[in-house]
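Inside the fold
Chain residues, written in single-letter form:
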Amino acid sequence: MFGGAFGGGGGGSNNVAAQRPAPMAGGPMGQGQMDPNAQIAAAEQEMEMVTEMFARLGKLCNKKCIIQRYSDEELTKAESVCLDRCVAKYFQVNRVVNDKLAKLSAANQQQ
Amino acid sequence: MSNPFTRPPTQNERDAASKVMDSCAVKTAFSGAAGYGIGAVFGLVLSGIEFSSPVDTSTSTKQQIKTVFKDMGNKSLSSAKNFAIMAAIYSGSECMIESYRARNDIYNSVAAGCITGGTLAVRTGPRGMAAGCAGFAAFSAAIDWYMHKDD
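Described in the following lines is the structure provided in the data block. Residues take numbers from 1 onward in each chain, read along the sequence in its written order. Ligands are numbered from 1 and chains lettered from A, in the order in which they are written. It should be noted that, the model being predicted, local features are given only for residues of pLDDT at least 70 and side-chain atom pairs only at 80 or more, the latter also being counted only at that level, while totals for whole chains, interfaces and linings use all residues. Side-chain measures were taken over the full set of non-hydrogen atoms in the model, leaving aside hydrogen atoms and water.

1. Some details on the pattern of salt bridges
In the sections that follow, a salt bridge refers to a side-chain nitrogen of Lys or Arg positioned within 4 Å of a carboxyl oxygen of Asp or Glu. Scanning all chains against the criterion turns up five salt bridges over all chains. Among the ionic pairs, Arg56 of chain A bridges to Glu52 of chain A, the shortest N-O distance being 2.2 Å. Of this pair, Arg56 of chain A and Glu52 of chain A both sit in helix α2 (residues 34-65), four residues apart, which is roughly one turn of the helix. Note on Arg56 of chain A: relative accessible area 48%, which makes it partly exposed. Buried, partly exposed and exposed residues are distinguished by accessible area as a fraction of the type maximum, computed with a 1.4 Å probe on protein chains only: under 20%, between the cut-offs, and over 50%, respectively. Residue Glu52 of chain A is classed as partly exposed on the basis of its relative accessible area of 41%. Notably, a salt bridge pairs Arg7 of chain B with Glu13 of chain B, separated by 3.2 Å at the nearest N-O pair. Helix and strand assignments come from DSSP, with helices taken as H or I runs of at least 4 residues and strands as E runs of at least 2, each series counted from the N terminus.

2. With respect to the nonpolar core
Met53, Leu57, Cys61, Cys65, Val81, Cys82, Cys86, Tyr90 and Phe91 of chain A together with Ala102 of chain B form the largest nonpolar core, which has ten residues in total. Those elements giving two or more residues to this core turn out to be α2 and α3 (77-110) of chain A. Broken down by element, this core gets its largest block of residues, five residues, from α3 of chain A. Excluding anything up to four places from it in sequence, Cys65 of chain A contacts Glu79, Cys82, Leu83 and Cys86 of chain A. To qualify as a nonpolar core, a set must consist of buried Ala, Val, Leu, Ile, Met, Phe, Trp, Tyr and Cys residues joined through side-chain atoms within 4.5 Å. Between two residues, a contact is recorded if the distance between any of their heavy atoms is within 4.5 Å.

3. Digging into the state of the cysteines
Residue and element names in this part refer to chain A. Sulfur atoms of two cysteines make up a disulfide when they are within 2.5 Å. This model, assessed by the stated rule, comprises four disulfides over all chains. The disulfide partner of Cys61 is Cys86, and the gap between their sulfur atoms is 1.8 Å. Negative torsions about the S-S bond denote left-handed disulfides, and the value of about -90° found for Cys61 with Cys86 makes this one left-handed. With a gap of 25 residues between them, Cys61 in helix α2 and Cys86 in helix α3 connect regions that are remote in the sequence. Summarising the burial analysis for this pair, Cys61 and Cys86 share the class buried. Cysteine pairing for chain B (bonded cysteines numbered in sequence order): 1-2, 3-4. Disulfide connectivity for chain A, with bonded cysteines indexed by sequence position, reads 1-4, 2-3.

4. Structural notes on the interface of chain B and chain A
Taken together, the contact pairs twelve residues of chain B with nine residues of chain A. Considering only the surface of chain B that becomes buried against chain A, Ala102, Asn104 and Asp151 of chain B emerge as the three largest contributors, covering 53% of it. Run the count over chain B and chain A and you get zero salt bridges. Distance and chemistry together define a polar contact, namely a pair of N or O atoms within 3.5 Å, with one atom able to donate a hydrogen and the other to accept it when in protein, and with adjacent residues in sequence counting only for side-chain atoms on both sides. Across the chain B-chain A interface, the total number found is five residue pairs in polar contact (both at pLDDT 80 or more). Residue assignment for the side of chain B that touches chain A shows that the elements contributing at least two residues are α2 (24-49) and α3 (61-101) of chain B. It is α3 of chain B that contributes the most residues to the side of chain B that touches chain A, four residues altogether. Taken together, the residues that form the side of chain B that touches chain A break down as four nonpolar, three polar and five charged. A simple way to read buried area is as the amount of 1.4 Å-probe accessible surface that goes missing from two parts once joined, with both sides added. Basically, the charged four are Asp, Glu, Lys and Arg, the nonpolar ten are Ala, Val, Leu, Ile, Met, Phe, Trp, Tyr, Cys and Pro, and anything else, Gly included, counts as polar.

5. Here we look at helix α5 (residues 125-148) of chain B
Residue and element names in this part refer to chain B. Here, expected helix span is obtained from the residue count minus one, scaled by 1.5 Å. Over its 24 residues, α5 runs 34 Å from end to end, which matches the ideal 34 Å to within 8%, given 1.5 Å per residue. If you check which residues of α5 are buried, you get Gly125, Gly128, Cys133, Phe136, Ala137, Ser140, Ala141 and Asp144. On the buried face of α5, the contacting elements are α3 and α4 (107-120).

6. A word on the packing of α3 of chain A against α3 of chain B
In helix packing, the relevant descriptors are the interaxial angle and the interaxial distance, both defined with respect to the helix axes. In contact at an axis separation of 8 Å, α3 of chain A and α3 of chain B are set at 35° when each is read in the N-to-C sense. Classified by chirality, the crossing of α3 of chain B by α3 of chain A is right-handed. Contacts from Lys77, Ala78, Val81 and Arg85 of chain A in α3 of chain A reach Cys95, Glu98, Ser99 and Tyr100 of chain B in α3 of chain B. Only the stretch in contact is used when fitting a helix axis, every axis being a line fitted to C-alpha atoms; angles between N-to-C directions are given from 0 to 180 degrees. Note: crossing handedness is left-handed where the near helix turns anticlockwise from the far helix by less than a right angle, and right-handed where it turns clockwise.

7. Focus on α3 of chain B
Taking 1.5 Å as the rise per residue, α3 of chain B with 41 residues should run 60 Å; its terminal C-alpha atoms sit 59 Å apart, in good agreement. Directly beyond the C-terminal end of α3 of chain B, a positive phi value near 55° is found at Ala102 of chain B.

8. A short note on the side chain of Ser93 of chain B
Residues and elements named next belong to chain B. As for its placement among the helices and strands, Ser93 is situated in helix α3. When its relative accessible area of 8% is taken as the criterion, Ser93 is described as buried. Apart from the residues within four sequence positions on either side, Ser93 is in contact with Ala112, Ile115 and Thr116.

9. Let's talk about a positive patch on the surface
Residue and element names in this part refer to chain A. A patch consists of residues whose relative accessible area exceeds 30% and which take part in no salt bridge; residues with like charges are grouped when within 9 Å of each other, and nonpolar side chains (Val, Leu, Ile, Met, Phe, Trp, Tyr) when within 5 Å. For every accessible area listed, the method is Shrake-Rupley and the probe measures 1.4 Å; residues are considered covered only by the protein chains on display. Positive residues here are Lys and Arg, negative ones are Asp and Glu, while His and the chain termini are left out of the count. We put the charge of a Lys on NZ, of an Arg on CZ, of an Asp on CG and of a Glu on CD. A cluster of basic residues, Lys59, Lys63, Lys64, Arg85 and Lys89, forms a positive patch at the surface. When residues of the positive patch are traced back to their parent elements, those giving at least two are α2 and α3. Tallying contributions element by element places α2 first for the positive patch, with three residues. Mapped onto the fold, Lys64 is located in helix α2. On the accessibility criterion, Lys64 (63% relative accessible area) is exposed.

Here it is as structure tokens:
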């Protein structure tokens with residue numbers, strides 16, 4: 001589940017990163033610095049994507065599932081079931097959309 | 001693994017425990033047990049109020065007391081069984097309906113009450129089942145409304 005989400009997010013960002021110049025191994029001294037920099041940038045981008053996904057997921061499932069009348073601190077059975085379903089659906093939707101987007105961009109690149 | 005009796009539970013253990021305790025099966029079992037207890041007390045009280053069949057006065061006093069107590073015990077046990085079944089059906093069906101709908105409103109109680117009333121009145125045919133469903137649904141809706149009206 002998480003692998004799919006990160007894979008989808010990583011795949012999306014790699015399409016952008018492919019347009020940066022690839023680091024050359026054994027080049028002049030300055031070239032060795034790009035690899036860790038590129039790595040750090042990729043890690044930062046992934047972290048940002050994960051944070052954004054987490055915030056969006058939390059907000060959405062809170063709005064859809066949690067009853068706004070806080071009469072008890074425990075989640076009722078309905079709410080916990082709803083939260084499970086909400087998270088599962090969100091990740092599934094993410095995966096499906098990513099797959100379709102990847103197919104579309106692959107089709108576009110072939111043309 | 002450290003001794004689980006001498007340390008506070010970990011988060012995983014608490015999650016697993018809460019998952020078990022909030023499951024429909026455990027809730028049904030607990031409701032059935034509570035219903036059994038309440039039914040036993042109710043049966044005892046009812047047997048005191050109701051007029052029982054006249055005791056055979058030819059036997060000794062001790063025998064008569066034994067007979068009366070035995071009768072009270074039987075009535076209490078039968079009432080306890082009925083209450084336990086009713087509570088288990090109600091609790092189980094309400095839990096399943098709530099899990100299915102993923103909503104928490106009064107219609108869970110109404111539907112559970114209808115199922116319970118209908119199941120308890122199976123012997124009396126479809127009309128009896130409809131009447132039992134309507135009656136018990138109204139009753140459980142009223143109780144649920146009263147319990148949650150100040151939330």
